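# Reading the structure
Chain by chain, the residues:
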Amino acid sequence: MSDHPTLPPYAIAMGMRIEAIEADGAPVIALDYSDRAEGRPGYLHGGAIGGLLEMAAYAALHAALGAEDAQVRIKPVNISIEYLRAGLPRQIQAAGQVLRAGRRVANVRAEAWQDDRSKPIASCWVNFLLKPR
């Protein structure tokens, strides 16, 4: 991973940005409340929350792979999202943690929160297929 990780076009179009870098090198990704991220009036859209979680999982895996990242094609196999509480009209942040990165499969967990990291509003598990380029 480079010193300045970049986000894919989808994340940039949604207004996501890298807010911080965790001790393990995984970025914390933030999304401000906006019309693009609004679901029903006054709440974040579940798809925006899910997209943020997926971006956090990808970013954590890229950080964990380091120099190997350029040699591996990453393909999501499945994602399972748990919505725990309503997303309110303010900034949301998410970070991922790689639980296992083998030669062929990686398992990543991501959590999203507002205000208090110890009270996530959503979490997900993502399984990625790692294929040599």
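Sequence order sets the numbering: in each chain, residues are counted from 1 along the sequence as written. The model is predicted, so local features are restricted to residues of pLDDT at least 70 and side-chain atom pairs to those at 80 or more, both for listing and for counting; the totals for chains, interfaces and linings are taken over all residues. Calculated side-chain values reflect all of the structure's heavy atoms, with hydrogen atoms and water omitted.

### Focus: a positive patch on the surface
- Within this analysis, patches are made of residues with over 30% relative accessible area and no salt bridge. Like charges are joined at 9 Å or less; nonpolar side chains (Val, Leu, Ile, Met, Phe, Trp, Tyr) at 5 Å or less. Calculation of accessible area relied on Shrake-Rupley with a 1.4 Å probe; when residues are assessed, cover is drawn exclusively from the protein chains displayed. In the sections that follow, a salt bridge refers to a side-chain nitrogen of Lys or Arg positioned within 4 Å of a carboxyl oxygen of Asp or Glu. In this tally, Asp and Glu contribute negative charge and Lys and Arg positive charge; neither His nor the terminal groups of the chain are included. Think of each charge as sitting on NZ of Lys, CZ of Arg, CG of Asp or CD of Glu. A surface patch of positive charge is lined by Arg73, Lys75, Lys131 and Arg133.
- For Arg73, the position within the fold is in strand β3 (residues 72-83).
- Arg73 gets classed as partly exposed once you look at its relative accessible area, which sits at 43%. Where helices and strands are cited, they refer to DSSP runs of H or I of at least four residues and of E of at least two residues respectively, numbered from the N terminus. Type-normalised accessible area, obtained with a 1.4 Å probe on protein chains alone, sets the label of each residue: buried when under 20%, exposed when over 50%, and partly exposed for intermediate values.

### Describing the layout of surface pockets
- With a 1 Å grid spanning the protein atoms alone, the term cavity applies to any set of points in which a 1.4 Å probe fits but cannot get out, the term pocket to an open set with protein on both sides within 12 Å along at least five of seven lines, and the term lining residue to any residue with an atom within 4 Å of a point. Grid points are joined across faces, edges and corners, and a volume is the space filled by probe spheres set on the points. Taken as a whole, the second largest pocket holds about 180 Å³ of empty space.
- Around the second largest pocket sit Ala64, Leu65, Glu68, Gln71, Val72, Ala101, Gly102, Arg103, Leu130, Lys131 and Pro132, which together line it.
- In terms of residues, the lining of the second largest pocket owes the most to one element, strand β6 (residues 120-132), which gives 3 residues.
- Here the residues of the lining of the second largest pocket sort into 6 nonpolar, 2 polar and 3 charged. Any residue that is not Ala, Val, Leu, Ile, Met, Phe, Trp, Tyr, Cys, Pro, Asp, Glu, Lys or Arg is counted as polar, Gly included; the first ten are nonpolar and the last four charged.

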